[in-house]
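# Examination of the molecular architecture
Residue-level listing of the chains:
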Amino acid sequence: MSAKRERAVLVLPVGERDHVQGPANAAVTLVEYGDFECPHCRRAYPIVKEVQERMGARLRFVFRNFPLTELHLHAQHAAEAAEAAGAQGKFWEMHDRLFERQFALEDEHLIEYARELELDAARLARELAAHTYKAKVRDDFMSGVRSGVNGTPTFFINNVRHDQAWDVEALLTALEGVSEGVR
Amino acid sequence: MTETMSRLAGGPLASGTEAPDFTLHSTPDQAVSLRDFRGRPVILAFYPADWSPVCGDQMALYNEILPEFQRYRAELLGISVDGAWCHLAFAQHRRLHFPLLADFEPKGAVARRYGVYRDGDGTTERALFVIDGGGIVRWSYVSPIGVNPGADGILRALESLATERA
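Residues numbered from 1 in each chain as written. Chains lettered and ligands numbered in written order. Predicted model: local features only at pLDDT ≥ 70, side-chain atom pairs only at ≥ 80, totals over all residues. Heavy atoms only, no water.

## Let's talk about the packing of aromatic side chains
Threshold: Aromatic contacts are taken between Phe, Tyr and Trp rings whose centres are within 6.5 Å, Trp giving its six-membered ring; a plane angle under 30 degrees counts as stacked, one over 60 as edge-to-face, and the others as tilted. Strands here are runs of E lasting at least two residues and helices are runs of H or I lasting at least four, both read from the DSSP assignment and numbered beginning at the N terminus. Each residue gets one of three labels from its accessible area relative to the maximum for its type: buried under 20%, exposed over 50%, partly exposed in between, using a 1.4 Å probe on protein chains only. We call a charge positioned over a ring when the NZ of a Lys or the CZ of an Arg lies within 6 Å of the ring centre and within 35 degrees of the ring normal.
Using the criterion set out here, one finds 18 aromatic pairs over all chains in the structure. With 6.2 Å between their ring centres and 70° between their planes, B:Phe22 and B:Tyr114 make a pair best called edge-to-face. Of this pair, B:Phe22 sits in the loop between α1 (2-8) and β1 (23-27) while B:Tyr114 sits in the loop between α4 (109-113) and β6 (117-118), and the two are 92 residues apart along the sequence. You'll find B:Phe22 and B:Tyr114 in the same group, each marked buried. On the basis of an interplanar angle of 70° and a centroid distance of 5.1 Å, the ring pair of B:Tyr114 and B:Phe129 is categorised as edge-to-face. Separated by 15 residues along the polypeptide, B:Tyr114 in the loop between α4 and β6 and B:Phe129 in strand β8 (residues 126-131) bring together distant segments of the chain. Across the pair, B:Phe129 and B:Tyr114 agree in class, each one buried. Here a set of aromatic residues connected by ring pairs shows up, and it is made of A:Phe36, A:Tyr45, A:Phe61, A:Phe63, A:Phe91, A:Trp92 and A:Phe99. The ring centre of B:Tyr117 lies 4.0 Å from the NZ or CZ of B:Arg112, which sits over that ring.

Rendered as structure tokens:
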């Protein structure tokens, strides 16, 4: 069989292991596979924020790690730092901080951000050194590979890969379209 | 026969077809032949050009996933019509850890034999082939030219090859 493939779909459903913003019963779920050192993800960051604002409780947003570590030398540690912050209840604060300070992602910066976010910075430093969240990040990554993630950022809207543009209007149109269908 | 048919149909070589052997430069002074990899699965990834202006492009993605391919003992070969010197610079720049083959002279000859040359554009399709250890195409896929196909299809194909053998 030569392959005509249907659209790529998310193989790992959103669940307990995920970092989630928005209600579980939202009409639409947007999943982003991203890399904290990727300039395109940096560009997507305020776009997603605006889309979240405009859709409010109708949207659930999930971020999963997809660090391209051969290309972005700081991406793996940045992802682990976000997970470490998540273990202390501040994943999203760190997620935002990392994108806003994408130009400074050395370990010392990551630890400094932990301090600024009033996390236990020593614990975060230890967990980075011990690669405590390496497996979690790899699981995110492999779930992305299996789902047809083909670069960063890759978005999935209600489990289907979004192959179109992802400026605010394009994303909103796609999300609203799905949301209408659900209602 | 299948080969002739699918070539007449203008599409990529289909599953079950014998993969045409080739020898192409991987660096200015080294060449790689498909037959070198007999006994192991080979992934042929045709792509339009080095230096596409996105990060996390197709080759960078495969570079990250190499350990997964290696679990199946599979060899990944990237192929485009770019020359060996261009490949060398590109591979160094992106820190790629697999060979990029130059389908450069005569231009696109291998791509044509696999049914994935784009006349007019002068490049190849974004086409994937998984070839088994016996040199038979077991899976092929052509992605819309602007869409990076990712790696999920390749991994599924390798998995089903491995299941068969087991």
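## Re the nonpolar core
Under the convention used in this document: The set of buried Ala, Val, Leu, Ile, Met, Phe, Trp, Tyr and Cys residues whose side-chain atoms join them within 4.5 Å is what this entry labels a nonpolar core.
Counting residues in hydrophobic clusters, the biggest one holds 43 residues, and the most contacted among them are A:Leu30, A:Val51, A:Met94, A:Leu98 and A:Leu175. Of all the elements, helix α1 (residues 39-55) of chain A adds the most residues to this core, at seven residues. Grouped together as the second largest cluster of nonpolar side chains are 38 residues, A:Val31, A:Leu68, A:Met142 and B:Phe90 included.

## Quick look at the interface of chain B and chain A
As a reminder of what qualifies: Contact definition: two residues touch when any of their heavy atoms are within 4.5 Å. Joining two parts hides part of their accessible area as seen by a 1.4 Å probe, and the buried area is that hidden amount summed over both. The rule for a salt bridge is simple: a side-chain nitrogen of Lys or Arg has to be within 4 Å of a carboxyl oxygen of Asp or Glu.
Listed by partner, the interface residues are 31 residues for chain B and 28 residues for chain A. Where chain B abuts chain A, roughly 2,300 Å² becomes buried across the two surfaces, and 52% of that area is made up of carbon and sulfur atoms. Applying the counting criterion to the chain B and chain A interface returns three salt bridges. Put simply, A:Arg146 and B:Glu159 hold a salt bridge, and the shortest N to O gap is 3.0 Å. Within the residue set of the side of chain B that touches chain A, elements represented by two or more residues are α2 (58-71), β9 (137-143) and α5 (152-165) of chain B.

So, to be careful, I would describe these as geometric facts and stop short of saying anything about function.
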